[in-house]
Amino acid sequence: MQTLKTTDTPVVKALIQVLTDHFERQVSLLAICPNSEAVTKAALLAAQEANAPLLFTSTLNQVDRDGGYTGWTHDELIEFVDGEADRLNVDVPILPCLDHGGPWLKDRHVLEDYTFEETMGAVKQSLESCIDAGYELLHIDPTVDTRRPDGEPVPIDWVVEHTLELIEHAETYRRQEGRPPISYEVGTEEVHGGLANLDKFERFLDDLDAGLRARGLADAWPCFVVGKVGTDLDTSYFEPDTARDLTVRTTSYGALVKGHYTDYVDNPDDYPLAGMGGANVGPEFTEEEYAALMDLVELEGKIGTSSGLKEALRTAVVESGRWKKWLHADEEGRAFDELEDDRQEWLVRTGSRYIWTDPEVQAARQRLYENLEGHRDAEAYVLWTVKQAMMKYYHAFNLIDFNDRLERVLLP
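Here the structure is a predicted model, which is why all the values come from computation and not from measurement. (Residues numbered from 1 in each chain as written. Predicted model: local features only at pLDDT ≥ 70, side-chain atom pairs only at ≥ 80, totals over all residues. Heavy atoms only, no water.)

**Some details on the pairing of strand β2 (residues 54–58)**
Of all the five residues making up β2, five are buried; the element is thus mostly covered by neighbouring parts of the structure. Here β2 shows two buried faces, one formed by L54, F56 and S58 and the other by L55 and T57. Alignment of strand β1 (residues 29–32) against β2, held across two bridges, turns out to be parallel. Bridging across to β2, I32 finds its partner in F56. A crossover links β1 with its parallel partner β2, the connecting element being helix α2 (residues 37–50), and its sense is right-handed. Note: β2 against strand β3 (residues 94–101), five bridges, orientation parallel. Across the sheet, residue S58 finds its bridge partner in β3, namely L98. Of the crossover connections in this fold, the one passing from β2 over helix α3 (residues 74–87) to the parallel β3 is right-handed. (Buried < 20%, exposed > 50% of the residue type's maximum accessible area, 1.4 Å probe, protein only. Helix = DSSP H or I, 4+ residues; strand = E, 2+ residues; numbered from the N terminus. Pairing = 2+ DSSP bridges. Right-handed = clockwise from strand over helix to strand, strands pointing away.)

Encoded structure:
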């Protein structure tokens, strides 16, 4: 990837330019959330097998100055990834990225009732931490304002103003510290972000462009704009026509559309065909990790042992309280045990990413692995299961051997 790195153009932005110039409607980049050690290891293995770039995109809930729910600071994530890449002989480009850097997008800021000034100050410090750690891309996402009534969209002017504020802060800090140029991502797929229709989407782009130019930050124009392309927490169909419309509006700015909530999407093959620059996948891989562990728990039962992992996971998820953020409106106020059985199972499965580092869960997992010695290489099975889920996207996004194709374009 060093061939993409120039004095003036950061890596991800240069990569997007290559997609636009040479692989239009052929390739979409895959960004994976490093929400556990197993998922992070599996991502390295998958990228190596695919021979494609690996974008790690971590939220402030996952990785932050306080450790997040993974226990990693930004520096520690980079250290872990570098160490595992060396151990596994991974030699593909690895690009660390920030996902959803904006006010009140870290659960702690909401739970502790941060003021706007407090949450913006914390986000700015996190941006600095990402820059210090060597992150290649920052998603700037001021599209939540908890001071507004539920359901009221945040005005576009407010989103633009604070997007500019955060980009300017990051650029000022980066330059002061003598760090190389980085790439940016803006926008959101969330309806509450106010970018859910094409008119507002275009206005956001126009006003952002004008604001960056007025601040002398035209070079910091984002390479990704997140678009609402049909997928969200409760839907899984990607809308190619919508994506094409949004792409037409972003390419004139040198940017491509990025999709979020791509987990278990019905039609991943349509992403490159619709011109999507990339897509984020996160909770799906934790759910696959959970499913692999439950396979092993079942095997454990057949040989007459019990690690208690399933019970430990349920207890930790319930005690964390984080399952409450995923409740439907008609479930609000109900105790966990009062929910339907299938909802309890889903909440434990998707909520497991928050508690992999819980000491009781880690101890039970270790007992499971020890109980299966001589019967199954438990860790290898978990990594293989998660890796297979990732390979589905590497194939669908036409990323197999993309590094070789990229090299042929850059070094003809």
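Don't stop here, the text continues.
**A word on the pattern of salt bridges**
Tallied over the entire structure, the rule returns 29 salt bridges. With its nearest N and O atoms 2.8 Å apart, the salt bridge here joins D145 to R147. With a relative accessible area of 7%, D145 lands in the buried category. The partner of R365 in a salt bridge is E289, with the nearest N and O atoms 2.9 Å apart. A residue pair is termed long-range when its members are at least 10 positions apart, and R365 in helix α13 (residues 359–371) and E289 in helix α10 (residues 283–302) qualify at 76 residues. With respect to class, R365 is no different from E289; both count as buried. Within the structure, one salt-bridge network assembled from shared partners comprises D64, D66, K106, R108 and E112. (Salt bridge = Lys/Arg side-chain N within 4 Å of Asp/Glu carboxyl O.)

**Some words on helix α11 (residues 309–320)**
Between its first and last C-alpha atoms α11 spans 16 Å; for twelve residues at 1.5 Å apiece the expected length is 16 Å, and the two agree. Along α11, the positions that sit buried rather than exposed are L309, A312, L313, A316 and V317. The buried residues of α11 occupy an angular sector of 125 degrees when projected down its axis, which confines them to one face. Seen from the open side of α11, the exposed residues pointing more than 90 degrees away from its buried face are E311 and E319. For α11, the secondary structure elements touched by its buried residues are α10, α12 (341–351) and α13. Looking one or two places after α11, you find G321, whose phi comes out positive at around 75 degrees. (Expected span 1.5 Å × (residues − 1). Arc of directions from axis to C-beta. Contact = heavy atoms within 4.5 Å.)

**What about the packing of aromatic side chains?**
Applying the stated rule across the entire model yields twelve aromatic pairs. Ring centres 4.9 Å apart and planes at 35 degrees place the aromatic pair W72 and F80 in the tilted group. A single burial state applies to W72 and to F80, both of which are buried. Here W221 and Y253 contribute two aromatic rings whose centre-to-centre distance is 4.8 Å and whose plane-to-plane angle is 10 degrees, an arrangement assigned as stacked. Taken together, the residues span a long stretch of sequence, with W221 in the loop between α7 (198–214) and β6 (224–226) and Y253 in the loop between α8 (240–251) and β7 (256–259) at a distance of 32 residues. Owing to a relative accessible area of 21%, Y253 belongs among the partly exposed residues under this scheme. By way of ring pairs, the aromatic residues F238, Y271, F285, Y393 and F397 are connected into one cluster. A cation over an aromatic ring shows up here: K258 above the ring of F224, its NZ or CZ 5.2 Å from the ring centre. Here R365 stacks its cationic end above the ring of W356, 5.2 Å away from the centre of that ring. (Phe/Tyr/Trp six-rings, centres within 6.5 Å; stacked < 30°, edge-to-face > 60°. Lys NZ or Arg CZ within 6 Å of the ring centre and 35° of its normal.)

**Things to note about the sheet that holds β6**
Backbone hydrogen bonds are what pair the strands of a sheet, in a parallel or an antiparallel way. A barrel is described by the order of its strands in space; here eight strands give the closed sequence β1-β2-β3-β4-β5-β6-β7-β8, paired in parallel fashion. Each strand of the sheet is rotated relative to its neighbour by a mean of 25 degrees, with strand direction disregarded. In this sheet, strand β4 (residues 137–140) lies alongside β3 in parallel orientation, the contact comprising three bridges. When the sheet's bridge partners are listed, L98 is paired in β4 with L138. Those strands touched by helix α6 (residues 156–176) are β3, β4 and β5 (183–187), and its axis lies near 165 degrees from that of β5. (Axes fitted to C-alpha atoms, helices over the stretch in contact; angles between N-to-C directions.)

**A few points about the pairing of β1**
Neither face of β1 is exposed, since L29 and A31 on one face and L30 and I32 on the opposite face are all buried. One ladder, built from four bridges, connects β1 with strand β8 (residues 278–281); its direction is parallel. From the neighbouring strand, I32 faces β8, where its bridge partner is V281.

**What about unusual backbone geometry?**
Residue R25 is not a glycine yet carries a positive backbone phi of 60 degrees. Within the fold, R25 resides in the loop between α1 (11–22) and β1. For N398, which is not glycine, the phi dihedral falls at a positive 60 degrees. Checked against the element boundaries, N398 lands in the loop between α14 (378–396) and α15 (402–410). Given the relative accessible area of 31%, N398 is considered partly exposed.

**A look at a negative patch on the surface**
A contiguous patch of negative charge on the surface is contributed by D75, E76, E79, D82 and D86. By secondary structure assignment, the location of E76 is in helix α3. (Patch = residues over 30% accessible without salt bridge, like charges linked within 9 Å, V, L, I, M, F, W, Y side chains within 5 Å. Areas by Shrake-Rupley, 256 points an atom, 1.4 Å probe, with all protein chains shown as cover. Lys, Arg positive; Asp, Glu negative; His and termini not counted. Charge placed at Lys NZ, Arg CZ, Asp CG, Glu CD.)

Read these as layout, nothing more, since geometry by itself doesn't imply function.
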